[in-house]
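Given next are the chains, with one letter for each unit.
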Number of protein chains: 2
Amino acid sequence: MGQQGRHVTGASPQGQTTAHSCSREPGCAILGIMKKPAPKNAFYAQSGGVSAVINASACGVIETAKRHQKHIGKLFAGRDGIVGALTEDLIDVSRESPATIRGLKHTPAGAFGSARFKLKGIEQNRAEYERLIDVFRAHDIGYFFYNGGNDSMDTALKVSQIGQALGYPITCVGVPKTVDNDLPHTDCCPGFGSVAKYVAVSTLEAGLDVASMARTSTKVFVLEVMGRHAGWIAAAGGLAGAKPAQPPHIILFPEIPFVPQEFLDRVKQCVSDFGYCVVVVSEGSAFADGKFVADAGTKDAFGHTQLGGVAPVIANMIRDAHGYKYHWAVADYLQRAARHVASRVDVEQAYAVGKAAVELAVQGMNAVMPTIVRRSSRPYRWTIGHVPLAQVANLEKKLPRFFITADGFGITAACRRYLEPLIGGEAPPPYRNGLPEYVRIKGVAVRRKLTAEFKV
Amino acid sequence: MGQQGRHVTGASPQGQTTAHSCSREPGCAILGIMKKPAPKNAFYAQSGGVSAVINASACGVIETAKRHQKHIGKLFAGRDGIVGALTEDLIDVSRESPATIRGLKHTPAGAFGSARFKLKGIEQNRAEYERLIDVFRAHDIGYFFYNGGNDSMDTALKVSQIGQALGYPITCVGVPKTVDNDLPHTDCCPGFGSVAKYVAVSTLEAGLDVASMARTSTKVFVLEVMGRHAGWIAAAGGLAGAKPAQPPHIILFPEIPFVPQEFLDRVKQCVSDFGYCVVVVSEGSAFADGKFVADAGTKDAFGHTQLGGVAPVIANMIRDAHGYKYHWAVADYLQRAARHVASRVDVEQAYAVGKAAVELAVQGMNAVMPTIVRRSSRPYRWTIGHVPLAQVANLEKKLPRFFITADGFGITAACRRYLEPLIGGEAPPPYRNGLPEYVRIKGVAVRRKLTAEFKV
């Protein structure tokens, strides 16, 4: 991208013009006699665990950036997230067809690659931050859009700070994403609504299955869902049934200490009252001492503790205590990749936060994150707000106690009122030969400009 | 139901007229001068593991029976399958609204209740068969529609034989159903196409998830699917990718002995070639000596062998051998209950075999089962045929060797050509407040006529 024109105010030694310093002053008197500020390139990266709709946010960022060519030149995506920035492995998004970009809206997982890579504190590893700025400088990148959860918001904040400190100010805007729904200051997180819908639908369907066969077959069914620290996803299972007799009969939340005898008594009561019992258990379910229930379980043939799987541990407890025939399922990645049953609300919100991130950036906002603001639950109405990254970074929002019934095994009406709109509406992908037609990017790399290699 | 008229031929002491003996002779000379034969009631029951579309078969039976009132009077359904017949717990289907009956077409699991209850051989437990005939006689039931797999076809055949022997001939028609796709003489089994679609879609989606994060996170993903003796469901996972680089990279079939070192070598090769490895494993995967891989695994804290779960066993092997970060999922009931992602072809075939069963019965066919006959794969064309129950009962159709690649880890083009049409088309249920609107029957019981109780 050339440097055709430049706004004098705020120009750095490298010709850096923070676009926002211009748009903050729409009436700026000197604009009329100066050349327009040069647009800066933008960098977008996906971070952390992916979701059914993170690509919808990418689509929102990309399509909106294209409509702001006055401020944003080219858009580069990090191949495998921030790792792509550190290794100068940038994807030229302009080489993707508009159909592919549009298709991102119905394609799950991270089309550009995501990374579980948390930058250390600036004191511990200043080199990583300096490298980022070097790469951004080399590619004339003035905008950093980081699509992730709380860790990622922390990274985006630090990049904004270090850029400032290194004389290369960069506009950093977070794009919220997490199936765990644990970001503060936003009513919900894109990615959550779809996993919630998947879990609610699966609980409903498996519940019907078990109900129809309980008389002569399986009496207890256990479904393990994600959520290591917060019970939002497990709570969504509760949407499947509104009456005590309807599954799920028991939900185990990370927020409520697991007491085996209480649980086993309740299972027995359910089988006695309803003929069967459906349990939704969060992978983060833990005993009062904080130990995960999943770790209480099993050793393999060599005596090693087996990793993962609270469902089989719970199921075995039930077998040992009551002898009921049981089945269990672990949804694992299926739940967060299940774009085929995504919530339309979630898809729209994911797109909206991507779009808003770009709009905030070109309006000159820095170190912020767009949020979902709930205006009303019934009917559901929401708008986009924003919050400083500093308020989001590294914080976790747990399920509030009043969303959980007094006995600790179910969700309250308030929780239902909160959750229900988030799974609203369907947005099925197009299908071809019986399978969703998910898009794959070409992923053409931008020519490298730096000679130094960087190992991550 | 009254006994308004009777056809003299074939009339039993109880006034039994086998409807088919009449319709077999449409030109029967005496018909003109005789009263019409009285319609007989019909009994329908769901049997064995349920599926996403067994209720669509029920819908086909019910709606078609209604169109044949000349032959069929009332339709009763067994509550919890054949158990309902033995205990004289019959559901009066006429008390359900047409909307509910229509809704069965998009509702998974067994709306009337199914049962894992295999009648013993006539020699071992003649009392059960005699009881069935007593109940059928008491409720003037002349048609028996049994919706299940190979065991159930065997039962239907025996009922037909014992009815004959006890002087209460009854028209018995099987309605094929099994997610395992292992019934012989039918190109495919209703229930299979939808579970196949679920597994293919889930493999595709989870594969995208793993691909997008493999560089810094999970390298191996293992999805466990159903199919204890036949690998049809596992094979369906292969539809997710057509090229070696595309997931699933490895499928483990029950038909191919599991050799750990070969498998582990292949996993390593995949991670080296593609950066990650997605494995679809059948629950029935077994070693050369016939022992299930699932049983090779784990013991709980008390030293008991843990039941179920080949996925964690496989995943642990991979961790121990290569140290890769892994994830695993067990779809269990989610896969066979997943009406939300059912195959339209499967729904249509399920309805069609229900409809055909009734049509065969009123045409006077006895001890038969409708079959799906493939006329062409591309484009996919099928019709309904039928086969004597005696040819189906207790037989199992395994995945043929030429459907599995030479190395034993994938599916061939021939397999793909067979499977692809079966997952064709979508038939989403209606949704309300974000969830599928599945119907529930009222299940009004028919007044009991027998005084004797029967314990099952």
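To keep things clear, this report deals only with the structure shown in the data block. In this text, all values refer to a predicted model and were calculated from it rather than measured experimentally.

**Some words on the interface of chain A and chain B**
Now for step 1: Residue-level contacts link 83 residues of chain A with 83 residues of chain B.
Now for step 2: Taken together, the two surfaces of chain A and chain B that pack against each other cover about 6,400 Å², and 57% of this comes from carbon and sulfur.
Now for step 3: In this assembly, chain A and chain B are joined by four salt bridges.
Now for step 4: With a shortest N-O distance of 3.0 Å, D80(A) and R215(B) are connected by a salt bridge.
Now for step 5: Put simply, chain A and chain B have 27 residue pairs in polar contact (both at pLDDT 80 or more) between them.
Now for step 6: Those elements that place two or more of their residues in the side of chain A that touches chain B are α7 (192-213), β6 (220-225), α10 (310-322), β9 (326-330), α11 (333-337) and β13 (435-436) of chain A.
Now for step 7: The element contributing the most residues to the side of chain A that touches chain B is α7(A), with 13 residues.
Now for step 8: Per-class residue counts for the side of chain A that touches chain B are 38 nonpolar, 26 polar and 19 charged.

**Some words on unusual backbone geometry**
Leaving glycine aside, a negative phi is the common case for residues, and trans is the common case for peptide bonds.
Now for step 1: Along the chain, R378(A) connects to P379(A) via a cis peptide bond; the corresponding omega equals 0°.
Now for step 2: In this structure, P379(A) sits in the loop between β10 (368-376) and β11 (381-388).
Now for step 3: P247(B) connects to P248(B) through a cis peptide bond whose omega is 0°.
Now for step 4: Summarising the element assignment, P248(B) is placed in the loop between α8 (232-237) and β7 (250-252).
Now for step 5: Of note in the backbone geometry, D80(A) takes a positive phi value of approximately 60° without being a glycine.
Now for step 6: Relative to the assigned elements, D80(A) resides in the loop between β2 (72-78) and α3 (82-86).

**Let's talk about the packing of helix α2 (residues 54-66) of chain A against helix α12 (residues 344-362) of chain A**
Residue and element names in this part refer to chain A.
Now for step 1: Direction vectors running N to C along α2 and α12 enclose 40°, while the axes themselves pass 7 Å from each other. The element α2 and its partner α12 pack so that their crossing is right-handed. Between α2, through A56, S57, C59, G60, V61, E63, T64 and A65, and α12, the contact on the second element is made entirely by V347, A350, Y351, V353, G354, K355, V358 and E359.
Now for step 2: Per-class residue counts for the contact of α2 with α12 are nine nonpolar, four polar and three charged.

**Some thoughts on α12(A)**
Residue and element names in this part refer to chain A.
Now for step 1: Between its first and last C-alpha atoms α12 spans 27 Å; for 19 residues at 1.5 Å apiece the expected length is 27 Å, and the two agree.
Now for step 2: For α12, a buried count of 15 out of 19 residues is recorded, marking the element as mostly surrounded by other parts of the structure.
Now for step 3: Capping the start of α12 is the job of one residue whose side-chain oxygen sits 3.3 Å from the backbone nitrogen of V345: S343.
Now for step 4: One or two steps after α12, the chain reaches G364, where phi turns positive at roughly 90°.

**Side note on the relation of the copies chain A and chain B**
Now for step 1: Rotating chain A by 180° and moving it 0.0 Å along the rotation axis overlays it on chain B with an RMSD of 0.0 Å. Classification of the inter-copy transformation places it as that of a two-fold axis. Residue V330(A) of chain A places its C-alpha closer to the rotation axis than any other residue of that unit, at 2.4 Å.
Now for step 2: In this assembly the copies share their binding face: 100% of the residues contributing to the interface of chain A also contribute to that of chain B.

**Here we look at the nonpolar core**
Now for step 1: The biggest cluster of nonpolar side chains holds 170 residues, and the ones touching the most others in it are F112(A), F145(A), F112(B) and F145(B).
Now for step 2: Counting 56 residues, the second-largest nonpolar core is a separate cluster that includes A294(A), V293(B), A294(B) and A315(B).

**Focus: the pairing of strand β2 (residues 72-78) of chain B**
Residue and element names in this part refer to chain B.
Now for step 1: Within β2, five of the seven residues are buried, leaving the element largely enclosed by the surrounding structure.
Now for step 2: You can see the chain leave strand β1 (residues 40-46), run along helix α2 (residues 54-66) and come back into β2, and the turn it takes is right-handed.
Now for step 3: Pairing analysis gives three bridges linking β2 to strand β3 (residues 90-92), with the strands arranged antiparallel. Residue pairing across strands places G78 opposite L90, the latter belonging to β3.

**Side note on the environment of C59(B)**
All names here are of chain B.
Now for step 1: Tracing the sequence through the fold places C59 in helix α2.
Now for step 2: Separated by 348 residues in sequence, C59 and D407 have C-alpha atoms that sit 43 Å apart.
Now for step 3: The contact partners of C59, leaving out residues within four places of it in the chain, are I101, R102, L104, K105 and Y351.

**Observations concerning the packing of helix α9 (residues 260-274) of chain A against α10(A)**
Residues and elements named next belong to chain A.
Now for step 1: Relative to each other, α9 and α10 sit at 70°, their axes nearing to 10 Å. Taken together, the axes of α9 and α10 lie roughly perpendicular to each other. The interaxial crossing formed by α9 with α10 has right-handed handedness. Across from F263, L264, V267 and K268 in α9, the residues of α10 making contact are I314, M317, I318, A321 and H322.
Now for step 2: The residue makeup of the contact of α9 with α10, split by class, is seven nonpolar, one polar and one charged.

**Side note on the pairing of β2(A)**
Now for step 1: Here strand β1 (residues 40-46) of chain A pairs with β2(A) via four bridges, running parallel. Pairing of Y44(A) across the sheet is with A77(A), part of β2(A).

**Topic: the pattern of salt bridges**
Now for step 1: One pass over the full model with this rule turns up 34 salt bridges over all chains.
Now for step 2: Ionic pairing is found between E426(A) and K197(A), a salt bridge with its closest N-O pair at 2.6 Å. Taken together, the residues span a long stretch of sequence, with E426(A) in the loop between α14 (413-419) and β12 (431-432) and K197(A) in helix α7 at a distance of 229 residues.
Now for step 3: Given the relative accessible area of 27%, E426(A) is considered partly exposed.
Now for step 4: Here E130(B) makes a salt bridge to R126(B), at a shortest N to O gap of 3.0 Å. Of this pair, E130(B) and R126(B) both sit in helix α5 (residues 126-138), four residues apart, which is roughly one turn of the helix.
Now for step 5: The class of R126(B) is partly exposed, set by a relative accessible area of 39%.

Definitions and cut-offs
Residues numbered from 1 in each chain as written. Chains lettered and ligands numbered in written order. Predicted model: local features only at pLDDT ≥ 70, side-chain atom pairs only at ≥ 80, totals over all residues. Heavy atoms only, no water. Contact = heavy atoms within 4.5 Å. Buried area = accessible area lost by both parts, 1.4 Å probe. Salt bridge = Lys/Arg side-chain N within 4 Å of Asp/Glu carboxyl O. Polar contact = N/O pair within 3.5 Å; in protein donor to acceptor, adjacent residues only side chain to side chain. Helix = DSSP H or I, 4+ residues; strand = E, 2+ residues; numbered from the N terminus. Nonpolar A, V, L, I, M, F, W, Y, C, P; charged D, E, K, R; others polar. Axes fitted to C-alpha atoms, helices over the stretch in contact; angles between N-to-C directions. Left-handed = near helix turned anticlockwise from the far one by under 90°. Expected span 1.5 Å × (residues − 1). Buried < 20%, exposed > 50% of the residue type's maximum accessible area, 1.4 Å probe, protein only. Least-squares fit on C-alpha atoms with pLDDT ≥ 70 in both. Core = buried A, V, L, I, M, F, W, Y, C linked by side-chain atoms within 4.5 Å. Right-handed = clockwise from strand over helix to strand, strands pointing away. Pairing = 2+ DSSP bridges. Parallel < 35°, antiparallel > 145°, perpendicular 65-115°, else oblique.

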